[in-house]
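Chain residues, written in single-letter form:
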Amino acid sequence: MLPSVRQGLAEVPPLPHVVRELLKELSDPSSTARSVARIATTDPTLAAALIRTVNSAALGLRRKINSVTEAVSYLGYSVVRSLVVRMRLEQILPTRGGQAGYDAEDLWIHSLAVAQAADCLAERIPGVDRGFVSTLGLLHDIGSW
């Protein structure tokens with residue numbers, strides 16, 4: 001089983017530099033919305049996704065957000081991290097016949113729920129890296145869909 005896991009990991013493309021830097025910044029306790037936004041704006045697709053997400057009807061803000069810094073502030077680090085991971089997963093998950101080989105919406109809802117539960121549990125345990133635990137929750141089922 002271990003050789004098949006190693007082979008599978010070898011086939012996963014590396015994270016783009018901007019994603020690695022952004023995830024690192026999101027985990028840094030001294031980071032700010034401005035420092036996260038500075039990295040996010042180096043990727044136009046990501047910057048647009050953050051602004052589109054914060055302005056979605058689901059958040060119900062009274063005014064339109066136009067800056068990535070404000071988007072990061074309103075969304076929070078956990079949502080930004082989840083959005084970055086989701087965008088990357090959409091790029092690397094296999095497809096079948098032009099259609100996703102999984103139900104993306106079900107996977108996303110399930111993954112977010114587990115990530116939130118993991119974050120809540122990690123909050124109760126001193127010394128646990130909540131961001132890491134939340135990310136583990138987000139990715140825990142990725143191979144089974």
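Computed from a predicted structure; not experimentally measured.

Draft legend 1. Spatial organisation of the overall build of the protein. Across its full length, the protein carries eight helices and two strands. Going from N to C terminus, the protein has its helices and strands arranged as α-α-α-α-α-α-β-β-α-α. Taking all 145 residues of the protein together, the buried fraction comes to 31%. Restricting to contacts in the protein with at least 6 residues of sequence separation, those with at least 24 account for 53%. On the protein, roughly 9500 Å² of surface is accessible, and the fraction owed to carbon and sulfur atoms is 58%.

Draft legend 2. Broad picture of a nonpolar patch on the surface. The grouping of L59, L61 and Y74 at the surface amounts to a nonpolar patch, some 260 Å² of accessible area in total. Inspection of the secondary structure puts L61 in the loop between helix 4 (44–54) and helix 5 (68–75).

Draft legend 3. Inspection of the environment of P16 at higher detail. Looking at where P16 falls in the secondary structure, it is placed in the loop between helix 1 (2–11) and helix 2 (17–27). Residue P16 is classed as partly exposed on the basis of its relative accessible area of 32%. Taking the C-alpha atoms as reference points, P16 and R88, separated by 72 residues in sequence, lie 8.9 Å from one another.

Draft legend 4. Focus on the pattern of salt bridges. Inspection of the entire model under this criterion finds three salt bridges. Here R130 and D119 are joined by a salt bridge, their closest N and O atoms 2.9 Å apart. One end of the pair, R130, is in helix 8 (residues 130–139); the other, D119, is in helix 7 (residues 104–123), with eleven residues separating them in the sequence. Of the residues examined, R130 reaches a relative accessible area of 35% and is grouped as partly exposed. Overlapping salt bridges bring together D119, E123 and R130 as one network.

Calculation rules
Residues numbered from 1 in each chain as written. Predicted model: local features only at pLDDT ≥ 70, side-chain atom pairs only at ≥ 80, totals over all residues. Heavy atoms only, no water. Helix = DSSP H or I, 4+ residues; strand = E, 2+ residues; numbered from the N terminus. Buried < 20%, exposed > 50% of the residue type's maximum accessible area, 1.4 Å probe, protein only. Contact = heavy atoms within 4.5 Å. Areas by Shrake-Rupley, 256 points an atom, 1.4 Å probe, with all protein chains shown as cover. Patch = residues over 30% accessible without salt bridge, like charges linked within 9 Å, V, L, I, M, F, W, Y side chains within 5 Å. Salt bridge = Lys/Arg side-chain N within 4 Å of Asp/Glu carboxyl O.

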